[in-house]
Every structure is written in C-alpha cells, then in structure tokens.
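One letter stands for each residue in the lines below.
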Amino acid sequence: MATLSAYSSPAAWPNDNPNPAVLLQQDSTTGDEQQQLDDPQSYDSLSSITPQENHQPDPLPQSPPSNPTPVTNYSSPISSPPESSSSPPPSVALLHLSFNQDSGCFAAGTDHGFRIYNCDPFREIFRRDFDRRGGGIGAVEMLFRCNILALVGGGADPQYPPNKVMIWDDHQSRCIGELSFRSEVRAVKLRRDRIVVVLEQKIFVYNFSDLKLLHQIETIANPKGLCEVSHGAGSLVLVCPGLQKGQVRVEHYASKRTKFVMAHDSRIACFALTQDGQLLATCSSKGTLVRIFNTADGSLLQEVVRRGADRAEIYSLAFSSAAQWLAVSSDKGTVHVFSLKLNPGAKMNDTSRAITDTNHAAGSPASSLSFFKGVLPKYFSSEWSVAQFRLVEGSQYVVAFGHQKNTVVILGFDGSFYRCQFDPVNGGEMKQLEYHNFMKPEGSF
C-alpha cells in the first residue's frame, strides 16, 4: 500500500499544454494514497537549495494559481553556494546515474545530493548539495528538461526515507509533493501524464496532474526496479517483469490489453523500450543473447549476441531514436553497437515466443533456432555487434545514443563520460571523441 501526502499546486507542472493541470486538494484518501502539495512561490530563476528541517506545509490554497509559471528549460550552469574555504570539500560517491527521456541530459544521485548535466555540449547544469554529512539521493528521475524531478533517498545517510518518492520543483528548490510506501522504492519513471513507482514486487501508476492512483501491477521479485515506459506522443506502453522467471509483461493502456512474453529461460536482467513503445529489447542473467520483440503481439523480430560465450551481467540497453541501432553495456568492459534490421510486421522464421493475454497462463517458448539443435550453439545464427568500445572491465556503465549522428554516450559509475563515434558501414572499434570526469570538483569544467 502507498500513502499519498498532499501539498499544494506546483507553480510549473510538466505539461505541454499552455494551461497545465495542477494538483488539487483531495476530499478523501484511498487506502493507498494521501496527498500533499506546498503553495507555489514566486521566483525568477533556479535558486540554491536551503535544507528544510521541520518544515510545515503552508495552508492549502482554495484554488489553483491563475497564472502558473511556465515550464522552462535548464539553460545555464547554476550550482549551490560554495562551501567555506576553511574546510576541504567532502568526498562524493555516486549512487545513481540515468539519462533523461531524450538522452540529452543525465542525472547523478550522490551521497550528498544530486547533479544534472547536459550531454552535448557536455557541461554541468546545476547541482544540489543537501548536507556535508549526508543527504544521499539513490534515484533521480528527470522529466525531459523541465524543473520537475522525482527523488528517492539512498545511501548510508539518505536525504529522504527510501520508501518515499519526493516530487522536487527546482524553481522553488524544494519538494512540492510526495508518495509514501510500505517498502523501499526501487525506481521511478516519469511521463508528462504519469508517475510510475516501482517497488520490489509491485508497480503503481499515478496520474501526474492529481496523483490519482490508476493501476497496480504485481511482479516477480524485482530488486533492480526494472520498468520502462514509452515517451512518444501516443498512449502509454509500460513494460515490467511478469510473475514468472524470464517473463515480461507489456501493458498497452490505449487498447487496455496486457501481453505476457516468455522472453528468456532465465531471469530478466535488463530491457529497453523504444520511444514509441513498439519495440522491446531484453536480456537475461546469462548476458549472451539480446532479443528484440514487437510489443503489439510479442513476436520475436531479431536476436543479437555479445561476443564470447561466457556469462556477463548486462547493465544497460538502449535503442537509437530511429530504432536502427542497439547499444549494450556489460561488466566485461565493452560497449557493443548492433545493427537492427527490423520490420515490426515481420517475424523471424518459427521464432514467435509464447504470448498470452491477461488471465491466461504463459506457454512454453519454442526454440527459435531449433534446426541448429545439437549441431551449433543456440546463438550461431544471431548477429554479432557492428562496433565496440573498450572500457575498464568490472565497472558499471550506462549507455545511450548521442544527438550527433552515429555517436554513443557512455556514463560510468567511476565518474567517466565518453562520447564515441562508430562507423555504420565498416564497424570495428569506435573512435573516442570526448572524455570527462564529471565527478571532479565544481569549476573543473
């Protein structure tokens, strides 16, 4: 069960509508919700954070503001006031890394706060440092480039309880709402119209404009908080683990359909969704095969394979904007780029996985390469990567495609930022175009 704590209407809500919806006071609460919002303040620019101790919410307004401040993009580097020069800056550990919805920015959660960076050109946009002795943020979810973020406390000394999602308005440098749960939050996903909160074995889908609970989904144990949502102009497509090992659940909210795809024999380790929600890439805990499915009918469209038959932990999967390429990072220290030759209306020969509708048990998948059985490895006819980039083995990296043509952006939990370019015709080793250590002290950029 979740508890919704209410504040007042945010001054700028994430909505492309020039008259964005705002949060309103609820007359009553459900068993899973309670709502809280603070009164909006007037402000001219992003301001530095002031930690709020024992903050009491202002009285709820009688009506939403008539002229809400429009959502603005982060456009210039802004950061917290510098610490006193009499004491050395604290060491900072990374707890979280994620790209925003169009991969133009990325967010870093640290054991003292969070930071937002622009990818192209690379620069730190701003940071919020809560406390020199704590203030850990275990998850930061951006909403494109607007001032609204979702924060979850993390680390040894979290800024917020790890069972709460805090809705942060950086124009006001404070939280304007929160969602509380009975167990730790594993991940948060944002759309302009939805907030999706992932717990260990349950997912909650909320309406963004009024924090109304719309849907609850039960999953198999999901400690990584695996969940993806579409971000295109169309209706929401949500992908999450199913109730069985190796199973993926696909929710099509426009058509009110649920599909279960038996993607792998072993547990799901990672997956990615295209912006429009039409294609899904999945990888199992074995880390050798990556499968691409059509989310509409669950058909298997293509298989690609990481070089080497030994197991690997896949950390990140990413589609290019036009779904022409797929990037994969693993603990083996190599980022691979695969060419996708996809036609969502076509299927691999005899490769359709077992698909079931809601309230039906998932069937056993048929082997997609059964004619090779007993002769060659299962992934023999799968496609190898076109391009590769070597990194430090054992480190964790997150990947996305850059806005420049044929480029990949790689983020490391060691603070590394790489921009690489691959040759779409000849493939081979990628060319490193740029490197930064984004965890260097402020002023190094």
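Up top is the structure.
Presented here is a report on the structure given in the accompanying data block. If you're wondering where the values come from, they're calculated on a predicted model, not measured in any experiment. (Residues numbered from 1 in each chain as written. Predicted model: local features only at pLDDT ≥ 70, side-chain atom pairs only at ≥ 80, totals over all residues. Heavy atoms only, no water.)

## Some words on the nonpolar core
In step 1: Core analysis: the largest hydrophobic core is formed by 23 residues, its most contacted members being Val165, Phe181, Val185, Val188, Ile195, Val197 and Tyr206.
In step 2: Listed by contribution, the elements that provide at least two residues to this core are strand E8 (148–153), strand E9 (164–169), strand E10 (174–181), strand E11 (187–190), strand E12 (194–198) and strand E13 (202–207).
In step 3: When residues no more than four places from it in sequence are discounted, the contact partners of isoleucine 195 are Ile167, Leu179, Val188, Lys189, Leu190, Phe204, Val205, Tyr206, Phe208 and Leu211. (Core = buried A, V, L, I, M, F, W, Y, C linked by side-chain atoms within 4.5 Å. Buried < 20%, exposed > 50% of the residue type's maximum accessible area, 1.4 Å probe, protein only. Helix = DSSP H or I, 4+ residues; strand = E, 2+ residues; numbered from the N terminus. Contact = heavy atoms within 4.5 Å.)

## Some words on the sheet that holds strand E25 (residues 334–339)
In step 1: Pairing in this open sheet of five strands is mixed, and the strands run E23-E24-E25-E27-E31 from one edge to the other. Sheet topology places strand E23 (314–319) and strand E31 (428–429) at the edges, where each strand pairs with a single neighbour.
In step 2: Pairing of E23 with strand E24 (residues 325–330), which is carried by five bridges, proceeds in the antiparallel orientation. By the bridge assignment, alanine 318 is partnered in E24 with alanine 327. (Pairing = 2+ DSSP bridges.)

## Overview of the environment of valine 188
In step 1: With respect to the secondary-structure elements, valine 188 resides in strand E11.
In step 2: A relative accessible area of 6% places valine 188 in the buried class.
In step 3: Placed 48 residues apart in sequence, valine 188 and valine 140 show a C-alpha to C-alpha distance of 8.1 Å.

## A closer look at the side chain of threonine 334
In step 1: As for its placement among the helices and strands, threonine 334 is situated in strand E25.
In step 2: Classification of threonine 334 by relative accessible area gives buried; the value is 9%.
In step 3: Polar side-chain contacts of threonine 334 include one of 3.4 Å to the side chain of arginine 390.
In step 4: For threonine 334, the residues in contact, after removing those within four places along its chain, are Val328, Ser329, Gln388, Phe389 and Arg390. (Polar contact = N/O pair within 3.5 Å; in protein donor to acceptor, adjacent residues only side chain to side chain.)

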